[in-house]
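Reading the structure
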Amino acid sequence: MIITTIHRNARLLAASAALSILMASAPGVTFAATPKDTLVEGFAFDDIISMDPGEAYELSTAEITGNTYSLLVRLDVADTTKVKGDLAESWTVSDDHLTYTFKLKSGLKFASGNPITAEDVAWSFERAVKLDKSPAFILTQFGLTGDNVTEKAKAVDATTFTFTVDKAYAPSFVLNCLTSTVANVVDKKLVLDHVKPVTPSADYKYDNDFGNGWLKTGYAGSGPFKLREWRANEAIVLERNDNYYGEKPKLARVIYRFMKESSGQRLALENGDIDVARNLEPGDLDALTKGDKVSVTNAPKGTVYYISLNEKNPNLAKPEVQEAFRYLIDYDAIGKTLIKGVGEIRQTFEPKGVLGALEEKPFTFDVAKAKELLAKAGLKDGFSVTMDVRNIEPITGVAQSIQQTLGQAGIKLEIIPGDGKQTLTKYRARNHDIYIGNWGMDYWDPNSNAETFTTNPDNSDAGKVKTLAWRNTFVTPELDKITRAALFEPDADKRAAMYQDVQKQFLHNSPFAIIFQQIEVAAFKKDLKGFALGPSFDTNFVGPISKE
């Protein structure tokens, strides 16, 4: 026990020392090369609110949990039409498409050393459903409730887990949902050591927090790396998990260093203070591409950027105003300057590469058309409105462009800046007028985006299904009906056509204006090997990376 404690403390000191040195190196100050066993990434992760996979619903957090937790099945990045086993060695689907049986691999361990069993899987489902945080709907949509989850998601024996759904969904849809971050498996024994008592109420009927308070900053996973430390808007430290059952990471640790400005990331990379720059604006990206000191890579992501109009505001609820907004975005200018190299103009919510993605761009910048629509809405002189904007590029630049073009039609837009946590919290409470942000797919299936943009079963402020439609008080039962029917269509071509129908109607009848699809970029030092960006926000894996 004494030896174990000494070793653990030594590792902590090593990680803390490395972090302290790196954090002390300010952009613009030349610093010796980063340690050979450590990867340092400049990254803007101010959207992180919680590290608990049962609660986390932010893009940056998903990258961390994607490298530190395990799932039953995971998206196959080599072929995104498939999933592959992670903890699961194999699985079967009953003839009626209602019961999914998973057999776990043998000899699995959490980072803590505790064995991974089917009971851990079952309890992870149970805690996510009972906590009922933002991502819980990905599981509860299959009929899971706090009352039935222990019967619907249960351990048959130590290595067999069964999941029973309420309807005969297409199996590919169910399996894709199980690749989402809310389905990450947590260490039941470890988390139970950190639960806190809770007084049951009308909104929460359980007598404990299922370890949520601790897991907001703690760690109970089994991925290739373990979370050592998260300092909000400062740094995230990952350390190699020697109990990982797959191929062991080549590096001892990964440090995500909070750097918001593109210019700061570029300079730090050129000076050797960081190994990877992750949030580059077009100008800095172009400069680095022309040089010979670093390599640059990119990957289209399943992430779309949009503005949304909260229909609680009576002006924004008018269909003519919503249509006018879509004509008051200078798509060409944004595409040629603000998102050059980091995005591609797109006006539909399904990203390229996803089943049923619609390739239509009906809107162009047309002030006269917008004014005509505003006049029909009884607002020929315009009106004043606010937009919540995360302080990060290219969002800030796009927001300022829209502010200028709206002004040409008499709409006075006030930009309210904030960090990711501030703007997201306000948006999720439906306290905004206009929000500009991005949406990354929860799982690689067209329903992921179709559902969040069209489904809103309870439009009250107390609604539990907090999709993007709900956040903007948008109710569209016609589109929701088609979206739900598509879940049960076994023919892929017919299913794709149904999603295309939804997108065509949504284009002209919603409080959303889709602007572009993200092309994620990164610049990295040439001594890195194995660095790659994945198709989704939780598939940027750091395990394969090494340094020469």
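Just so it is clear, the model here is predicted, and its values are computed rather than measured.

Turning our eyes to something else, we now look at the pairing of strand 5 (residues 99–104). On strand 5, burial follows the alternation: Tyr100, Phe102 and Leu104 on one face are buried, whereas Thr99, Thr101 and Lys103 on the facing-out side are not. Relative to strand 5, strand 4 (residues 88–93) runs antiparallel, the two sharing five bridges. Within the sheet, the bridge partner assigned to Trp91 lies in strand 5 and is Phe102. Joining the antiparallel neighbours strand 4 and strand 5 is a turn of five residues, in which His97 adopts a positive phi near 60 degrees. Alignment of strand 5 against strand 7 (residues 160–164), held across five bridges, turns out to be antiparallel. In the sheet register, Thr99 faces strand 7, and the bridge partner there is Thr164.

What follows concerns the environment of Glu63. For Glu63, the location among the structural elements is in helix 2 (residues 59–68). Separated by 118 residues in sequence, Glu63 and Thr181 have C-alpha atoms that sit 9.5 Å apart. Not counting the four nearest positions on each side in its chain, Glu63 is found in contact with Glu41, Phe43, Tyr256, Arg278, Phe537, Asp538 and Asn540. Polar contacts involving the side chain of Glu63 include one to the side chain of Asn540, which spans 3.2 Å.

Turning our attention to the nonpolar core. Counting residues in each nonpolar core, the largest one holds 92 residues, and the members touching the most others are Ile236, Ile307 and Phe325. Of all the elements, strand 17 (residues 512–525) adds the most residues to this core, at seven residues. In contact with Ile307, other than residues within four places in its own chain, are Phe325, Ile329, Met387, Ile402, Ile434, Tyr435, Ile436, Pro511, Phe512, Ala513 and Ile515. One finds Leu104, Val129, Phe142 and Ile514 within the second-largest nonpolar core, a separate group that totals 59 residues.

Turning to the packing of helix 16 (residues 446–454) against helix 19 (residues 492–508), a few remarks are in order. Taken N-terminus to C-terminus, the directions of helix 16 and helix 19 make an angle of 30 degrees; their axes are 11 Å apart at the nearest point. Considering their axes alone, helix 16 and helix 19 lie roughly parallel with respect to each other. When the axes of helix 16 and helix 19 are compared, the crossing they make is left-handed. Contacts from Pro446, Asn447, Ala450, Phe453 and Thr454 in helix 16 reach Arg495, Tyr499, Val502 and Phe506 in helix 19. Per-class residue counts for the contact of helix 16 with helix 19 are six nonpolar, two polar and one charged.

Moving on: the packing of aromatic side chains. Applying the stated criterion across every chain, the model contains 34 aromatic pairs. Ring centres 5.3 Å apart and planes at 70 degrees place the aromatic pair Phe45 and Phe258 in the edge-to-face group. Residue Phe45 is found in the loop between strand 1 (38–43) and helix 2, and its partner Phe258 is found in strand 10 (residues 253–258); the two are separated by 213 residues along the sequence. Of the two residues, Phe45 and Phe258, neither departs from the other in class, the shared state being buried. Here the aromatic rings of Phe125 and Phe163 are separated by 5.5 Å at their centres, their planes lie at 65 degrees, and the arrangement is edge-to-face. In this pair, Phe125 sits in helix 3 (residues 118–131) while Phe163 sits in strand 7, placing the two residues 38 residues apart along the sequence. We note that Phe125, like Phe163, is buried. In this arrangement the basic side chain of Arg278 is found over the ring face of Phe43, its NZ or CZ atom lying 4.4 Å from the centre. Lying over the aromatic face of Trp470, Arg430 brings its terminal NZ or CZ to 4.3 Å of the ring centre.

Further remarks concern empty space enclosed by the protein. The tally for this structure, following the rule as stated, stands at six cavities of 30 Å³ or more. Quantified by volume, the largest cavity comes out at close to 470 Å³. Along the wall of the largest cavity there are 29 residues; nearest its centre are Arg278, Asn279, Tyr305, Gln518 and Glu520. Taken together, the elements giving at least two residues each to the lining of the largest cavity come down to helix 2, strand 12 (294–309) and strand 17.

This part is about the layout of surface pockets. Considered as a void within the structure, the largest pocket measures approximately 980 Å³ in volume. Taken together, 36 residues make up the lining of the largest pocket; nearest its centre are Leu131, Asp132, Lys133, Ser134 and Lys464. At the level of elements, helix 3, helix 4 (137–140) and helix 15 (420–428) are the ones that each hand at least two residues to the lining of the largest pocket. Ranked by residues supplied to the lining of the largest pocket, first place goes to helix 3 with three residues. Tallied by class, the residues present in the lining of the largest pocket amount to 14 nonpolar, eight polar and 14 charged.

Along the polypeptide, Thr423 turns up in helix 15. With residues up to four places along the chain from it excluded, the contact list for Thr423 reads Asp388, Val389, Arg390, Gly418 and Tyr435.

For the rest of this paragraph, the subject is the sheet that holds strand 4. With antiparallel pairing, four strands are arranged side by side in an open sheet as 4-5-7-6. Looking at strand neighbours, the two that pair on one side only are strand 4 and strand 6 (153–157), the edges of this open sheet. Going across the sheet, the axis of each strand differs from the next one's by a mean of 25 degrees, ignoring polarity.

About the cut-offs
- Residues numbered from 1 in each chain as written.
- Predicted model: local features only at pLDDT ≥ 70, side-chain atom pairs only at ≥ 80, totals over all residues.
- Heavy atoms only, no water.
- Buried < 20%, exposed > 50% of the residue type's maximum accessible area, 1.4 Å probe, protein only.
- Helix = DSSP H or I, 4+ residues; strand = E, 2+ residues; numbered from the N terminus.
- Pairing = 2+ DSSP bridges.
- Contact = heavy atoms within 4.5 Å.
- Polar contact = N/O pair within 3.5 Å; in protein donor to acceptor, adjacent residues only side chain to side chain.
- Core = buried A, V, L, I, M, F, W, Y, C linked by side-chain atoms within 4.5 Å.
- Axes fitted to C-alpha atoms, helices over the stretch in contact; angles between N-to-C directions.
- Parallel < 35°, antiparallel > 145°, perpendicular 65-115°, else oblique.
- Left-handed = near helix turned anticlockwise from the far one by under 90°.
- Nonpolar A, V, L, I, M, F, W, Y, C, P; charged D, E, K, R; others polar.
- Phe/Tyr/Trp six-rings, centres within 6.5 Å; stacked < 30°, edge-to-face > 60°.
- Lys NZ or Arg CZ within 6 Å of the ring centre and 35° of its normal.
- 1 Å grid on protein atoms, 1.4 Å probe; cavity = no way out; pocket = protein on both sides within 12 Å on 5 of 7 lines; lining within 4 Å.
- Points joined across faces, edges and corners; volume = space filled by probe spheres on them.

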